[in-house]
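# Descriptive analysis of the structure
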Amino acid sequence: MAFDYHEVAARVSRIPSAPVIGDRFEIQGLAGRGASGSVYRATDTATGATVALKILSPLGEDDVTRFEREAAVLAEIHHPGVVRHVASGVTREGVAYLAMEWLEGHDLRHRLAAGPISIEDSVGLGIRVAEALSAVHARGFVHRDLKPITLFLRDD
């Protein structure tokens, strides 16, 4: 019997009590949905920290392989412009997940909707994005979905 990732992800999102993913991450609520999965705000029961928990909803085996590679590369990168890896894996039910540090702030799309960005801020943002992408590319990974909604601006 083929495993249906979409069905498992749908079941996880329908569970009324806070489900625990990977025996460690207690889901608090949905933070957003994207092309490759859903991101939940969760509590790391091992540390008490809030994390962003990405749950894959792949279309095929290539998606699972790419997701596992993304997690492995993220675990290797220690750069202030790249979200920090916390843990990753596949649950007993076959749900692939990636836990990352929880960031407070908003995406660039949201910021642009509030009005124009100064030239100085645009140049600074461009430099930070280029440095982060350089760190990612140095490990052989190419970000395939760079756009304002995928660029997160921290509140700090």
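Let us look at the structure shown here. (Residues numbered from 1 in each chain as written. Predicted model: local features only at pLDDT ≥ 70, side-chain atom pairs only at ≥ 80, totals over all residues. Heavy atoms only, no water.)

### Topic: the overall build of the chain
Inclusion rule: Here a helix means four or more residues in a row that DSSP labels H or I, a strand means two or more in a row labelled E, and each is numbered from the N terminus. The buried label goes to any residue with under 20% of its type's maximum accessible area, the exposed label to any with over 50%, and the partly exposed label to all in between, with areas taken from a 1.4 Å probe on protein chains only. Pairs of residues are marked as contacts when any of their non-hydrogen atoms sit within 4.5 Å. What sets the accessible areas is the Shrake-Rupley method with a 1.4 Å probe; for residues, cover comes only from the shown protein chains.
Each helix and strand counted, the chain has four helices and eight strands in total. Ordered by position from N to C terminus, the α and β elements of the chain give α-β-β-β-β-α-β-β-β-α-α-β. Burial analysis of the chain (156 residues in total) assigns 33% to the buried set. Residue pairs in contact within the chain that sit at least 24 positions apart in sequence constitute 50% of those at least 6 positions apart. Carbon and sulfur atoms make up 55% of the accessible area of the chain, which totals about 9600 Å².

### Points about the pairing of strand β4 (residues 50-56)
We apply this condition: When DSSP finds at least two bridges between two strands, those strands are taken to pair.
Of all seven residues in β4, six are buried; the element is thus mostly enclosed. Bridge analysis of strand β3 (residues 37-44) against β4 gives seven bridges, and the strand direction is antiparallel. Opposite threonine 43, over in β4, you have threonine 50 as the bridge partner. In sequence, β3 turns back onto β4 through a hairpin of five residues, with glycine 48 there showing a positive phi of about 85°. Pairing of β4 with strand β6 (residues 96-101), which is carried by five bridges, proceeds in the antiparallel orientation.

### Overview of helix α2 (residues 61-76)
Let me state the cut-off plainly: Every helix has an expected span of 1.5 Å times one less than the residues it contains.
The terminal C-alpha atoms of α2, which comprises 16 residues, lie 23 Å apart, in line with the 22 Å expected from a rise of 1.5 Å per residue. Within the sequence span of α2, burial applies to Asp63, Val64, Phe67, Ala71, Val73 and Leu74.

### Focus: the nonpolar core
The following threshold applies: Each nonpolar core is a collection of buried residues, namely Ala, Val, Leu, Ile, Met, Phe, Trp, Tyr and Cys, held together in the definition by side-chain atoms within 4.5 Å.
Ranked by size, the top nonpolar core spans 16 residues in total, and within it Ile77, Val82 and Leu98 carry the most contacts. Of all the elements in the fold, those that place two or more residues in this core are β4, α2, β6 and α4 (119-137). Not counting residues within four places of it along the chain, the set of residues in contact with valine 82 comprises Leu74, Ile77, Glu101, Ala132 and Val136. Of all hydrophobic cores here, the second largest spans twelve residues; its members include Phe25, Tyr40, Ala42 and Val95.

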